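# Summary of the model geometry
This is what each chain is made of:
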Amino acid sequence: MDRLKFATVWLGGCAGCHMSFMDLDEFLIDIADHIELVYSPVIDVKEYPHGVDVCLIEGAVCNEDNLEILHKIRRRTRVLVAFGDCAITGNVPAIRNQLGLKNGESVLQRAYLEGAQSNPGIPREPGIVPALLPRVMPVQEAVHIEYYLPGCPPPADRIKAVLAQLLAGTEPRLTGAQLKFG
Ligand code: SF4
């Protein structure tokens, strides 16, 4: 059987969802023969490949770079999973939406001018700070998403349940104990 071409991506999130993924511990060894990790922050691949089967997306859509890669990922991936509450609702990064439509500029001012202890100045050079979107979005506002894996972060057992079902070729469903917190 062909191995599942598997990817994970990190948009506007704190990396906590990926840390929870690493908490899968020995299950990662169990699935190693069944998946091929083709793109992820934990491997050194620069370009998102074509023909990906499943991608877990951590984080909200906060800037133009996030939006651009998310559209590319959608075109190149069969199944997208919104991975964690930032991807699903905007969660922590979307707090800045309260600042209104000009919040991108307000955030830069707060971070680089008002909060600066030395050398205040907003970096404007290309490639330093990606252009912020006026409003942080959950991923499903930008692209179609097949499945949602909630939690901040989703506990490892819940990630395991979804991955096991995807690997078995069944429709992922979270019920009862898999949705229990704590
Ligand atoms: Fe971090 Fe929670 Fe957002 Fe995951 S859902 S990126 S753990 S803040």
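First things first, this report covers the structure right here in the doc. Every chain is numbered on its own, with residues counted from 1 as its sequence reads. Local features are withheld for residues below a pLDDT of 70 in this predicted model, meaning they are given only at 70 or higher, and side-chain atom pairs are given and counted only at 80 or more; totals for whole chains, interfaces and linings count all residues. Each side-chain value is worked out from all heavy atoms of the structure, with water and hydrogens disregarded.

This part covers the pairing of strand β5 (residues 77-83). When a residue's accessible area, from a 1.4 Å probe over protein chains only, is under 20% of the maximum for its type it is buried; when over 50% it is exposed; and in between it is partly exposed. The secondary structure listing takes helices from DSSP runs of H or I that are at least 4 residues long and strands from runs of E that are at least 2 residues long, numbered from the N terminus. With six of seven residues buried, β5 lies mostly within the body of the structure. Only strands joined by at least two bridges in the DSSP assignment are considered to pair. Here six bridges tie strand β3 (residues 52-58) to β5, and the two strands are oriented parallel to one another. Following the sheet pairing, C55 is matched in β5 by L80.

In the vicinity of the ligand, the residues found are G13, C14, G16, C17, E58, D85, C86, N91, G151, C152 and P153. The set of elements that each furnish at least two residues to the shell around the ligand consists of α1 (16-22) and α4 (85-89). Within the shell around the ligand, the residues separate by chemical class into five nonpolar, four polar and two charged. Nearness here has a simple test: a residue counts as near a molecule or strand if at least one of its heavy atoms is within 4 Å of that partner. For this classification, the nonpolar set comprises Ala, Val, Leu, Ile, Met, Phe, Trp, Tyr, Cys and Pro, the charged set comprises Asp, Glu, Lys and Arg, and every other residue, Gly included, is treated as polar.

Here the focus is the layout of surface pockets. Definitions used throughout: a 1 Å grid over protein atoms alone; a cavity as a set of points that fits a 1.4 Å probe which cannot get out; a pocket as an open set with protein on both sides within 12 Å along at least five of seven lines; a lining residue as one with an atom within 4 Å of a point. Grid points are joined across faces, edges and corners, and a volume is the space filled by probe spheres set on the points. Reported here for the largest pocket is a volume of approximately 240 Å³. Y39, S40, V45, K46 and I69 are, among the 14 residues lining the largest pocket, the residues nearest its centre. Per-element accounting of the lining of the largest pocket gives the leading share, three residues, to strand β1 (residues 4-10). Classifying every residue of the lining of the largest pocket by side-chain character gives eight nonpolar, two polar and four charged. Each pocket or cavity is described by its volume, and for the second largest pocket that value is around 160 Å³. Per-element tally for the lining of the second largest pocket: the top contributor is helix α5 (residues 103-114), with three residues. Residues belonging to the lining of the second largest pocket are distributed by class as follows: eight nonpolar, two polar and three charged.

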